[in-house]
Amino acid sequence: MDDRPKSLTGGCNCGAVRFILRRPPRQALYCHCKRCQRRSGAAASASAIVDAADVAFEDETHLRRWQPPDDGAAKVFCDVCGSQIMSVDDDVRAIRLGVFDDDPEVRPALRQWLASAACWEPVPDDGLPIHDRGRPSGE
Ligand SMILES: [Zn+2]
Ligand SMILES: [Zn+2]
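For clarity, every value in this text was computed on a predicted model and none was experimentally measured.

Trainee: Got a minute to help me understand the overall build of the protein chain in this structure?
Mentor: Broken down by element type, the protein chain carries 1 helix and 10 strands. Seen in sequence order, the protein chain has helices and strands lined up from the N terminus as β-β-β-α-β-β-β-β-β-β-β. On C-alpha atoms alone, the protein chain measures out to a radius of gyration of 15 Å, which is about the 14 Å that the 2.2 N^0.38 rule sets for 139 residues. The C-alpha extent of the protein chain, read off along each of the three principal axes, is 40 × 40 × 25 Å. Expressed as a percentage of contacts within the protein chain between residues at least 6 apart in sequence, the contacts between residues at least 24 apart total 53%.

Trainee: Would you mind showing me how to read the sheet that holds strand 2 (residues 18-21) here?
Mentor: Two orientations exist for strands paired in a sheet by backbone hydrogen bonds: parallel and antiparallel. Across the sheet, which stays open at both edges, the 3 strands sit in the order 1-2-5 with antiparallel pairing between neighbours. The open sheet has two edge strands, strand 1 (8-11) and strand 5 (55-57), and neither has a second partner. Sheet twist, expressed as the mean angle between neighbouring strand axes with direction ignored, is 25°. For strand 2 and strand 5, the ladder comprises 3 bridges, and the chain directions are antiparallel. Note that in strand 5 the partner of isoleucine 20 across the bridge is alanine 56.

Trainee: Please explain the sheet that holds strand 4 (residues 45-51) as it appears in this structure.
Mentor: The strand order 6-7-8-9-4-3-10 describes an open sheet built from 7 strands, whose pairing is mixed. Both edges of this open sheet fall to strand 6 (63-66) and strand 10 (108-112), since each of them pairs with a single strand only. Neighbour to neighbour, the strand axes of the sheet diverge by 30° on average, direction disregarded. As paired strands, strand 3 (residues 27-31) and strand 10 are joined by 3 bridges and run parallel to one another. Within the sheet, the bridge partner assigned to tyrosine 30 lies in strand 10 and is arginine 111.

Trainee: Whenever I open this one, the environment of arginine 135 confuses me. Can you help?
Mentor: With respect to the helices, strands and loops of the structure, arginine 135 is situated in the segment after strand 10. A count of 17 C-beta atoms within 10 Å places arginine 135 in the partly exposed class. In this structure, the C-alpha to C-alpha distance between arginine 135 and alanine 56, residues 79 residues apart in sequence, is 25 Å. Discounting chain neighbours no more than four positions away, the residues touching arginine 135 are Leu29, Leu110 and Gln112.

Trainee: Hey, could you run me through unusual backbone geometry in this one?
Mentor: Leave glycine aside and you will find that most residues have negative phi; peptide bonds, for their part, are mostly trans. The backbone of aspartate 90 sits at a positive phi, close to 55°, despite the residue not being glycine. As for its placement among the helices and strands, aspartate 90 is situated in the loop between strand 8 (84-89) and strand 9 (92-96). Judged by C-beta crowding, with 7 C-beta atoms within 10 Å, aspartate 90 ranks as exposed. Located in the positive-phi region is glutamate 105, a residue other than glycine, with phi close to 60°. Along the chain, the position of glutamate 105 falls in the loop between strand 9 and strand 10.

What counts and what doesn't
Residues numbered from 1 in each chain as written. Chains lettered and ligands numbered in written order. Predicted model: local features only at pLDDT ≥ 70, side-chain atom pairs only at ≥ 80, totals over all residues. Helix = DSSP H or I, 4+ residues; strand = E, 2+ residues; numbered from the N terminus. Rg over C-alpha atoms; globule rule 2.2 N^0.38 Å. Contact = placed C-beta atoms within 7 Å. Pairing = 2+ DSSP bridges. Axes fitted to C-alpha atoms, helices over the stretch in contact; angles between N-to-C directions. Buried ≥ 20, exposed ≤ 12 C-beta atoms within 10 Å, placed from the backbone.

This is the structure in structure tokens:
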């Protein structure tokens with residue numbers, strides 16, 4: 001039996017940004033904050049939490065970063081096609097689940113920033129723990 005870890009890969013719509021994970025994400029979550037609504041155009045955004053050291057990009061030429069002026073993680077996207085790739089917060093990367101090529105091998109386990117949830121779409125009643133603001137530290 002081949003028990004080597006499967007490579008987790010992903011990338012943007014145009015192919016300019018490609019990445020590989022060295023190990024599976026440790027957690028995933030939905031974020032309902034207003035910034036995620038604006039950058040994604042959706043009611044919430046699902047991301048996988050990984051250590052910075054575990055993600056490698058083939059070529060960083062087209063990775064563009066928006067740093068919020070006050071606080072919060074930088075948002076990183078492809079400057080050719082606009083695909084949202086991840087957020088960057090110190091040594092933590094929150095990679096958008098939608099940019100994985102296949103199964104990211106993790107499922108969202110909580111919802112955060114419910115205080116700013118979109119009024120136009122009900123929060124799914126899926127039993128996940130919810131947090132009014134950001135996820136508790138250490139999760
Ligand atoms: Zn692209
Ligand atoms: Zn958010």
